[in-house]
Amino acid sequence: LAVVTAAWAFRHHEMSVLASENARLLAISDRHSRLLEGLSKVMIEVTGLQSPAAVIAAIPAHAGRLLGGQTAGLYLRDERAGGVYLAASWQMPENLYSGPISEGTGVIGRIIASGKPLVVPDYRHWPDRDRALDGSAIVGVVGAPVIWHGQLQAANVVHDRRPAQQ
């Protein structure tokens, strides 16, 4: 009887672990579905905009809302001036932008230099952070390059007071 009880308890534990894992995977799948639905809505709205200025203004606002961030900015690359400049922002206080950003500096500069997305879970302790932002409320940062006609044009970055998730 003790062997049967132990086997039953082990099986019950296995089923509980599987149920927990299924719930976790379902939550991830649900989050991905919501993100894809949001991206679809953004695509439809942005492609309907007529002016480049309207598109530039819409990108950080949509990214910030879609990812649940608190602020967002779109930084355009200006090769002639040799830097990256804030072109549009969403709910971003002025003290978060300290002026032109060099390629390779902070999240924005790294995205412009590499052309690859970047997730920084805790910006306050990230060794490559832009020191001009020390003391800000930024914790999590997610950024992505903006490619137009095969050329890297900008970096779109979303900031949050919570750690960023991969």
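In case you missed it, the structure is sitting above this.
Residues numbered from 1 in each chain as written. Predicted model: local features only at pLDDT ≥ 70, side-chain atom pairs only at ≥ 80, totals over all residues. Heavy atoms only, no water.

## So, empty space enclosed by the protein
Following the criterion strictly, the structure yields one cavity of 30 Å³ or more and no others. There is about 150 Å³ of room inside the largest cavity. Taken together, 16 residues line the largest cavity, and the ones lying closest to its centre are Ile-101, Ile-108, Tyr-123, Asp-130 and Leu-133. Counting only elements with at least two residues in the lining of the largest cavity, the list comes to helix 3 (106–114) and strand 5 (151–160). When residues in the lining of the largest cavity are grouped by element, the largest group, three residues, is from helix 3. A class-by-class count of the residues in the lining of the largest cavity yields eleven nonpolar, four polar and one charged. (1 Å grid on protein atoms, 1.4 Å probe; cavity = no way out; pocket = protein on both sides within 12 Å on 5 of 7 lines; lining within 4 Å. Points joined across faces, edges and corners; volume = space filled by probe spheres on them. Helix = DSSP H or I, 4+ residues; strand = E, 2+ residues; numbered from the N terminus. Nonpolar A, V, L, I, M, F, W, Y, C, P; charged D, E, K, R; others polar.)

## Section: helix 2 (residues 52–67)
Look at helix 2: 23 Å from first C-alpha to last across 16 residues, which is about the 22 Å you get at 1.5 Å a residue. For helix 2, every residue scored as buried is listed here: Ala-58, Pro-60, Ala-61, His-62, Ala-63 and Gly-64. (Expected span 1.5 Å × (residues − 1). Buried < 20%, exposed > 50% of the residue type's maximum accessible area, 1.4 Å probe, protein only.)

## Re the sheet that holds strand 1 (residues 71–78)
Within a sheet, adjacent strands bond to each other through the backbone by hydrogen bonds, running parallel or antiparallel. Spatial ordering of the open sheet is given by 2-1-5-4-3, a layout of five strands whose pairing is antiparallel. Every other strand in the sheet has two partners, leaving strand 2 (83–90) and strand 3 (118–120) as the edge strands with one partner each. Across the sheet, the axes of successive neighbouring strands diverge by a mean angle of 20°, strand direction being ignored. Alignment of strand 4 (residues 140–148) against strand 5, held across nine bridges, turns out to be antiparallel. (Pairing = 2+ DSSP bridges. Axes fitted to C-alpha atoms, helices over the stretch in contact; angles between N-to-C directions.)

## A short note on the pattern of salt bridges
When their charged atoms lie close together, side chains carrying opposite charge are able to pair. Summed over all chains, the structure comprises four salt bridges. Of the charged contacts in the structure, one is a salt bridge between Arg-77 and Glu-103, with a shortest N-O distance of 3.0 Å. You can see Arg-77 sitting in strand 1 and its partner Glu-103 sitting in the loop between strand 2 and helix 3, a full 26 residues away along the chain. Given the relative accessible area of 26%, Arg-77 is considered partly exposed. Here Arg-110 and Asp-128 are joined by a salt bridge, their closest N and O atoms 2.5 Å apart. Of this pair, Arg-110 sits in helix 3 while Asp-128 sits in the loop between strand 3 and strand 4, and the two are 18 residues apart along the sequence. (Salt bridge = Lys/Arg side-chain N within 4 Å of Asp/Glu carboxyl O.)

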